[in-house]
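Residue strings, one per chain:
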Amino acid sequence: MDRKLIFLDIDGTLVCAMQAPSEYVKQAVRGARANGHKVFLCTGRNMPIIGNEILEIGFDGVIASAGSHVETEGKVLFDSLLPEETIQECLRVFHEHGMYCRIETPEGIYTDPQMEDLLRGAKPDPANSELIRMQREIEAGIRIQPYERYPGNGAYKICFTSTDLESVEQTKKDLGGRFTYAVHSYADSSTCFNGEIIPKGIDKGRGIEMICGYYGAKLSDTIAFGDSMNDYEMMRTAGISVAMGNACKELKRIADVICGNVWEDGIYYEFRRMRLA
(Lines give C-alpha, C1' and ligand atoms only; values in the text may rest on other atoms or scores of the structure.)
Protein backbone atom coordinates (compact mmCIF):
# COMPACT_ATOMS: atom_id res chain seq x y z
CA MET A 1 0.00 0.00 0.00
CA ASP A 2 1.38 3.42 -0.97
CA ARG A 3 1.95 5.70 2.00
CA LYS A 4 0.10 9.01 1.73
CA LEU A 5 0.42 12.41 3.35
CA ILE A 6 -3.11 13.56 4.16
CA PHE A 7 -4.01 17.20 4.89
CA LEU A 8 -7.26 18.12 6.62
CA ASP A 9 -8.86 21.52 7.02
CA ILE A 10 -10.70 21.88 10.35
CA ASP A 11 -13.87 23.99 10.16
CA GLY A 12 -16.43 22.62 7.74
CA THR A 13 -14.16 19.65 6.99
CA LEU A 14 -12.92 17.85 10.11
CA VAL A 15 -15.63 19.31 12.37
CA CYS A 16 -18.81 21.32 12.14
CA ALA A 17 -18.12 24.85 13.32
CA MET A 18 -16.87 24.85 16.93
CA GLN A 19 -18.17 21.33 17.60
CA ALA A 20 -16.12 18.46 18.94
CA PRO A 21 -14.79 15.92 16.43
CA SER A 22 -17.01 12.87 16.01
CA GLU A 23 -15.89 9.40 17.03
CA TYR A 24 -16.00 8.39 13.36
CA VAL A 25 -13.57 11.16 12.41
CA LYS A 26 -11.22 10.22 15.25
CA GLN A 27 -11.36 6.59 14.10
CA ALA A 28 -10.56 7.60 10.51
CA VAL A 29 -7.50 9.70 11.44
CA ARG A 30 -6.12 7.16 13.89
CA GLY A 31 -6.80 4.29 11.50
CA ALA A 32 -4.95 6.03 8.66
CA ARG A 33 -1.93 6.66 10.86
CA ALA A 34 -1.98 3.07 12.09
CA ASN A 35 -1.82 2.02 8.42
CA GLY A 36 1.37 4.02 7.96
CA HIS A 37 -0.05 7.20 6.44
CA LYS A 38 0.79 10.62 7.87
CA VAL A 39 -2.07 12.98 8.71
CA PHE A 40 -1.75 16.75 9.15
CA LEU A 41 -4.06 19.57 10.10
CA CYS A 42 -4.10 22.29 7.45
CA THR A 43 -6.14 25.15 8.82
CA GLY A 44 -6.74 28.87 8.76
CA ARG A 45 -6.91 28.82 12.57
CA ASN A 46 -3.89 30.04 14.48
CA MET A 47 -2.34 27.65 16.96
CA PRO A 48 -3.99 29.07 20.14
CA ILE A 49 -7.51 28.33 18.89
CA ILE A 50 -7.08 24.89 17.33
CA GLY A 51 -8.20 23.32 20.60
CA ASN A 52 -7.03 20.30 22.58
CA GLU A 53 -10.08 18.24 21.65
CA ILE A 54 -8.77 18.32 18.07
CA LEU A 55 -5.05 17.98 18.76
CA GLU A 56 -5.67 15.01 21.07
CA ILE A 57 -6.90 12.97 18.09
CA GLY A 58 -3.23 12.73 17.13
CA PHE A 59 -1.61 14.27 14.06
CA ASP A 60 1.84 14.20 12.51
CA GLY A 61 1.98 17.97 12.15
CA VAL A 62 0.09 21.21 11.62
CA ILE A 63 -0.10 23.84 8.92
CA ALA A 64 -1.77 26.77 10.73
CA SER A 65 -2.71 30.38 10.01
CA ALA A 66 -3.37 29.50 6.35
CA GLY A 67 0.26 28.49 5.80
CA SER A 68 2.08 31.07 7.93
CA HIS A 69 3.07 28.44 10.52
CA VAL A 70 4.23 24.93 9.61
CA GLU A 71 5.41 22.28 12.05
CA THR A 72 5.88 18.51 12.15
CA GLU A 73 7.35 16.09 14.67
CA GLY A 74 7.72 18.97 17.11
CA LYS A 75 9.91 20.94 14.68
CA VAL A 76 8.85 24.33 13.32
CA LEU A 77 9.64 24.35 9.60
CA PHE A 78 8.27 27.83 8.88
CA ASP A 79 6.88 30.72 10.89
CA SER A 80 6.19 34.06 9.27
CA LEU A 81 4.64 37.08 10.95
CA LEU A 82 3.58 40.15 9.01
CA PRO A 83 5.58 43.12 10.36
CA GLU A 84 3.67 45.62 12.45
CA GLU A 85 4.14 48.34 9.84
CA THR A 86 2.28 46.18 7.32
CA ILE A 87 -0.46 45.31 9.82
CA GLN A 88 -1.11 48.99 10.49
CA GLU A 89 -1.17 49.79 6.77
CA CYS A 90 -3.74 47.04 6.16
CA LEU A 91 -5.89 48.17 9.09
CA ARG A 92 -5.81 51.74 7.81
CA VAL A 93 -6.93 50.68 4.33
CA PHE A 94 -9.74 48.48 5.63
CA HIS A 95 -10.95 51.07 8.13
CA GLU A 96 -10.96 53.80 5.50
CA HIS A 97 -13.48 51.70 3.58
CA GLY A 98 -15.70 51.05 6.58
CA MET A 99 -14.56 47.46 7.12
CA TYR A 100 -13.87 45.71 10.42
CA CYS A 101 -10.89 43.48 11.14
CA ARG A 102 -9.74 40.49 13.14
CA ILE A 103 -6.00 40.17 13.80
CA GLU A 104 -4.60 36.68 14.46
CA THR A 105 -1.28 36.50 16.32
CA PRO A 106 0.79 33.88 18.19
CA GLU A 107 -0.78 35.18 21.41
CA GLY A 108 -4.41 35.13 20.33
CA ILE A 109 -7.07 37.03 18.37
CA TYR A 110 -7.96 40.72 18.53
CA THR A 111 -10.92 42.37 16.82
CA ASP A 112 -12.52 45.70 16.14
CA PRO A 113 -15.45 46.07 18.58
CA GLN A 114 -17.92 46.68 15.73
CA MET A 115 -17.07 43.33 14.15
CA GLU A 116 -18.86 41.34 16.84
CA ASP A 117 -22.08 43.32 16.33
CA LEU A 118 -21.94 42.72 12.58
CA LEU A 119 -21.32 39.00 13.08
CA ARG A 120 -24.19 38.63 15.53
CA GLY A 121 -26.70 39.89 12.98
CA ALA A 122 -25.31 38.03 9.97
CA LYS A 123 -27.14 35.19 8.23
CA PRO A 124 -24.33 33.13 6.71
CA ASP A 125 -24.50 31.02 3.61
CA PRO A 126 -24.46 27.35 4.75
CA ALA A 127 -21.15 26.87 2.89
CA ASN A 128 -19.45 29.71 4.79
CA SER A 129 -17.87 27.68 7.60
CA GLU A 130 -15.54 30.55 8.56
CA LEU A 131 -18.35 33.00 9.34
CA ILE A 132 -20.33 30.30 11.13
CA ARG A 133 -17.27 29.47 13.25
CA MET A 134 -16.79 33.11 14.25
CA GLN A 135 -20.46 33.33 15.25
CA ARG A 136 -20.15 30.15 17.31
CA GLU A 137 -17.06 31.55 19.04
CA ILE A 138 -19.15 34.50 20.20
CA GLU A 139 -21.99 32.22 21.35
CA ALA A 140 -19.56 29.99 23.24
CA GLY A 141 -17.91 32.95 24.97
CA ILE A 142 -14.48 32.11 23.59
CA ARG A 143 -12.05 34.81 24.61
CA ILE A 144 -11.54 37.11 21.63
CA GLN A 145 -9.82 40.27 22.83
CA PRO A 146 -10.54 43.84 21.74
CA TYR A 147 -8.12 45.61 19.43
CA GLU A 148 -7.04 47.97 22.22
CA ARG A 149 -5.23 44.99 23.83
CA TYR A 150 -3.39 44.02 20.66
CA PRO A 151 0.32 43.94 21.60
CA GLY A 152 1.47 45.35 18.25
CA ASN A 153 4.18 42.80 17.54
CA GLY A 154 3.01 41.67 14.12
CA ALA A 155 0.47 39.01 13.15
CA TYR A 156 -0.01 35.95 10.97
CA LYS A 157 -3.03 37.23 9.09
CA ILE A 158 -5.96 39.65 9.02
CA CYS A 159 -9.57 38.63 8.51
CA PHE A 160 -12.12 41.21 7.41
CA THR A 161 -15.86 41.79 7.40
CA SER A 162 -17.79 44.28 5.32
CA THR A 163 -21.42 45.22 4.72
CA ASP A 164 -20.82 45.37 0.94
CA LEU A 165 -18.57 43.79 -1.66
CA GLU A 166 -17.65 47.06 -3.33
CA SER A 167 -15.64 48.09 -0.28
CA VAL A 168 -13.69 44.84 -0.46
CA GLU A 169 -12.90 45.47 -4.13
CA GLN A 170 -11.75 49.02 -3.39
CA THR A 171 -9.15 47.83 -0.87
CA LYS A 172 -7.54 45.63 -3.56
CA LYS A 173 -6.19 48.78 -5.22
CA ASP A 174 -3.84 49.22 -2.25
CA LEU A 175 -3.34 45.64 -1.07
CA GLY A 176 -4.11 43.32 -3.98
CA GLY A 177 -0.58 43.39 -5.34
CA ARG A 178 0.85 41.88 -2.16
CA PHE A 179 -2.01 39.79 -0.79
CA THR A 180 -4.31 37.07 -2.03
CA TYR A 181 -7.93 37.69 -1.08
CA ALA A 182 -10.03 34.72 0.06
CA VAL A 183 -13.65 35.92 0.09
CA HIS A 184 -15.92 33.30 1.59
CA SER A 185 -19.33 32.15 0.31
CA TYR A 186 -22.27 34.47 0.70
CA ALA A 187 -25.98 34.29 -0.04
CA ASP A 188 -27.79 36.75 -2.29
CA SER A 189 -29.39 38.28 0.79
CA SER A 190 -26.11 38.65 2.72
CA THR A 191 -25.51 41.79 4.75
CA CYS A 192 -22.11 40.59 6.00
CA PHE A 193 -19.27 39.62 3.68
CA ASN A 194 -16.15 38.09 5.18
CA GLY A 195 -12.76 36.88 4.11
CA GLU A 196 -9.06 37.09 4.79
CA ILE A 197 -5.91 38.37 3.17
CA ILE A 198 -2.93 36.06 2.83
CA PRO A 199 0.55 37.25 1.78
CA LYS A 200 1.34 36.12 -1.73
CA GLY A 201 3.72 33.18 -1.67
CA ILE A 202 2.41 32.00 1.72
CA ASP A 203 -0.57 29.66 1.66
CA LYS A 204 -1.69 26.15 2.58
CA GLY A 205 -0.33 24.79 -0.69
CA ARG A 206 3.14 26.10 0.09
CA GLY A 207 2.83 24.50 3.52
CA ILE A 208 2.15 21.14 1.87
CA GLU A 209 5.27 21.60 -0.26
CA MET A 210 7.34 22.23 2.88
CA ILE A 211 6.02 19.10 4.57
CA CYS A 212 6.75 17.06 1.44
CA GLY A 213 10.28 18.48 1.33
CA TYR A 214 10.86 17.52 4.96
CA TYR A 215 9.82 13.91 4.37
CA GLY A 216 11.24 13.59 0.87
CA ALA A 217 7.73 12.85 -0.41
CA LYS A 218 6.19 13.61 -3.79
CA LEU A 219 3.20 15.92 -4.18
CA SER A 220 1.52 13.09 -6.09
CA ASP A 221 1.43 11.20 -2.77
CA THR A 222 -0.63 13.89 -1.01
CA ILE A 223 -4.39 14.09 -0.42
CA ALA A 224 -6.13 17.27 0.77
CA PHE A 225 -9.65 17.72 2.17
CA GLY A 226 -11.25 21.19 2.33
CA ASP A 227 -14.43 23.22 2.07
CA SER A 228 -13.74 26.97 1.71
CA MET A 229 -11.78 29.46 -0.36
CA ASN A 230 -8.77 29.55 1.96
CA ASP A 231 -8.34 25.89 0.93
CA TYR A 232 -8.03 26.78 -2.76
CA GLU A 233 -4.23 26.64 -3.04
CA MET A 234 -4.11 23.53 -0.89
CA MET A 235 -6.49 21.79 -3.29
CA ARG A 236 -4.55 22.94 -6.35
CA THR A 237 -1.27 21.68 -4.86
CA ALA A 238 -2.29 18.24 -3.60
CA GLY A 239 -2.03 15.11 -5.69
CA ILE A 240 -5.68 14.34 -4.95
CA SER A 241 -8.08 17.06 -3.83
CA VAL A 242 -11.30 16.23 -2.00
CA ALA A 243 -14.06 18.81 -1.51
CA MET A 244 -16.60 18.22 1.21
CA GLY A 245 -20.23 17.90 0.14
CA ASN A 246 -20.87 21.16 2.00
CA ALA A 247 -17.95 22.96 0.28
CA CYS A 248 -18.39 26.17 -1.66
CA LYS A 249 -19.08 25.75 -5.36
CA GLU A 250 -15.73 27.30 -6.39
CA LEU A 251 -13.86 24.56 -4.55
CA LYS A 252 -16.04 21.78 -5.90
CA ARG A 253 -15.24 22.91 -9.44
CA ILE A 254 -11.52 22.19 -9.02
CA ALA A 255 -11.75 19.11 -6.77
CA ASP A 256 -10.88 15.63 -7.99
CA VAL A 257 -13.40 14.09 -5.59
CA ILE A 258 -16.48 15.32 -3.73
CA CYS A 259 -17.23 13.39 -0.55
CA GLY A 260 -20.04 13.55 2.02
CA ASN A 261 -20.93 16.53 4.17
CA VAL A 262 -18.99 17.30 7.34
CA TRP A 263 -22.07 16.56 9.50
CA GLU A 264 -22.32 13.15 7.79
CA ASP A 265 -18.70 12.27 8.68
CA GLY A 266 -17.64 12.69 5.07
CA ILE A 267 -13.95 12.26 5.97
CA TYR A 268 -14.59 8.88 7.59
CA TYR A 269 -16.45 7.44 4.62
CA GLU A 270 -13.96 8.83 2.09
CA PHE A 271 -11.04 7.40 4.07
CA ARG A 272 -12.83 4.04 3.94
CA ARG A 273 -13.53 4.36 0.22
CA MET A 274 -9.88 5.20 -0.47
CA ARG A 275 -8.80 2.37 1.85
CA LEU A 276 -6.73 4.74 3.96
CA ALA A 277 -8.24 3.52 7.25
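What you see is a predicted model, and the numbers here were worked out from it, not measured in a lab.

> Quick question: what am I supposed to make of helix α3 (residues 84–96) here?
Along its 13 residues, α3 runs 18 Å from first to last C-alpha, staying within 8% of the 18 Å computed at 1.5 Å per residue. Restricting attention to buried positions, one finds in α3 the residues Glu84, Thr86, Ile87, Cys90, Leu91, Val93 and Phe94. Residues of α3 that are buried in the fold lie against β6 (100–104), β9 (157–162), α6 (165–175), β10 (179–183) and β11 (193–199). Gly98 lies just past α3 and shows a positive phi near 70°.

> It is not clear to me how the sheet that holds β10 should be interpreted in this structure. Could you clarify?
What holds strands together in a sheet is hydrogen bonding between their backbones, with the strands either parallel or antiparallel. The strand order β8-β7-β6-β9-β11-β10 describes an open sheet built from 6 strands, whose pairing is mixed. Both edges of this open sheet fall to β8 (145–146) and β10, since each of them pairs with a single strand only. Here 2 bridges tie strand β7 (residues 109–111) to β8, and the two strands are oriented parallel to one another. Pairing of Tyr110 across the sheet is with Gln145, part of β8. On top of the sheet, α3 reaches β6, β9, β10 and β11; it is set at about 5° to β9, its chief contact. Sheet strands touched by helix α4 (residues 113–121): β6, β7 and β9. Its angle to β6, the strand with the most contacts, is close to 110°.

> Looking at this structure, how should I read the environment of Asp221?
As for its position among the elements, Asp221 is in the loop between α7 (204–215) and β12 (222–226). It is 35 Å that separates the C-alpha atoms of Asp221 and Arg102, two residues lying 119 residues apart in sequence. Excluding anything up to four places from it in sequence, Asp221 contacts Arg3, Lys4 and Leu5.

> Is there a simple way to think about the pattern of salt bridges in this case?
Two side chains with opposite charge may pair up if their charged atoms get near one another. According to the stated counting rule, one finds 15 salt bridges in the structure shown. Two residues, Asp9 and Lys204, come together in a salt bridge whose shortest N-O distance is 3.2 Å. Of this pair, Asp9 sits in the loop between β1 (5–8) and α1 (23–34) while Lys204 is found in helix α7, placing the two residues 195 residues apart along the sequence. We classify Lys204 as buried; its relative accessible area is 1%. As a salt-bridge pair, Asp11 and Arg45 come within 2.7 Å of each other at their nearest N and O atoms. Here Asp11, found in the loop between β1 and α1, pairs with Arg45, found in the loop between β2 (38–42) and α2 (52–55); they are 34 residues apart in sequence, far enough to count as distant. Each member of the pair, Asp11 as well as Arg45, is classed as buried.

> Mind showing me how you'd approach the side chain of Lys157 here?
Examined against the element boundaries, Lys157 turns out to sit in strand β9. Note on Lys157: relative accessible area 1%, which makes it buried. Looking at Lys157, its side chain comes within polar contact range of the main-chain oxygen of Gly44, at 2.9 Å. One polar contact links Lys157 to Glu196, side chain to side chain, over a distance of 2.9 Å. The residues touching Lys157, leaving out its near neighbours within four places in the chain, are Gly44, Ser65, Ala66, Leu82, Arg102, Ile103, Glu104, Glu196 and Ile197.

> Please explain unusual backbone geometry as it appears in this structure.
Leave glycine aside and you will find that most residues have negative phi; peptide bonds, for their part, are mostly trans. In this structure, Asp265 takes a positive phi of about 55° despite not being glycine. Relative to the elements of secondary structure, Asp265 occurs in the loop between β14 (257–258) and α10 (266–273).

> Could you clarify how one ought to interpret the environment of Glu53 in this entry?
Take Glu53: it is sitting in helix α2. Residue Glu53 is classed as partly exposed on the basis of its relative accessible area of 38%. C-alpha separation for the pair Glu53 and Gln19, spaced 34 residues apart in sequence, amounts to 9.6 Å.

> What am I meant to see in the sheet that holds strand β3 (residues 61–64) here?
In space, the 8 strands of this open sheet follow the order β5-β4-β3-β2-β1-β12-β13-β14, with mixed pairing throughout. Edge strands, defined here as strands with exactly one partner in the open sheet, are β5 (75–79) and β14. Examined bridge by bridge, β12 and strand β13 (residues 240–243) share 4 bridges and lie parallel to one another. For Ala224, the partnering residue across the bridge sits in β13 and is Ser241.

About the criteria used
Residues numbered from 1 in each chain as written. Predicted model: local features only at pLDDT ≥ 70, side-chain atom pairs only at ≥ 80, totals over all residues. Heavy atoms only, no water. Helix = DSSP H or I, 4+ residues; strand = E, 2+ residues; numbered from the N terminus. Expected span 1.5 Å × (residues − 1). Buried < 20%, exposed > 50% of the residue type's maximum accessible area, 1.4 Å probe, protein only. Contact = heavy atoms within 4.5 Å. Pairing = 2+ DSSP bridges. Axes fitted to C-alpha atoms, helices over the stretch in contact; angles between N-to-C directions. Salt bridge = Lys/Arg side-chain N within 4 Å of Asp/Glu carboxyl O. Polar contact = N/O pair within 3.5 Å; in protein donor to acceptor, adjacent residues only side chain to side chain.

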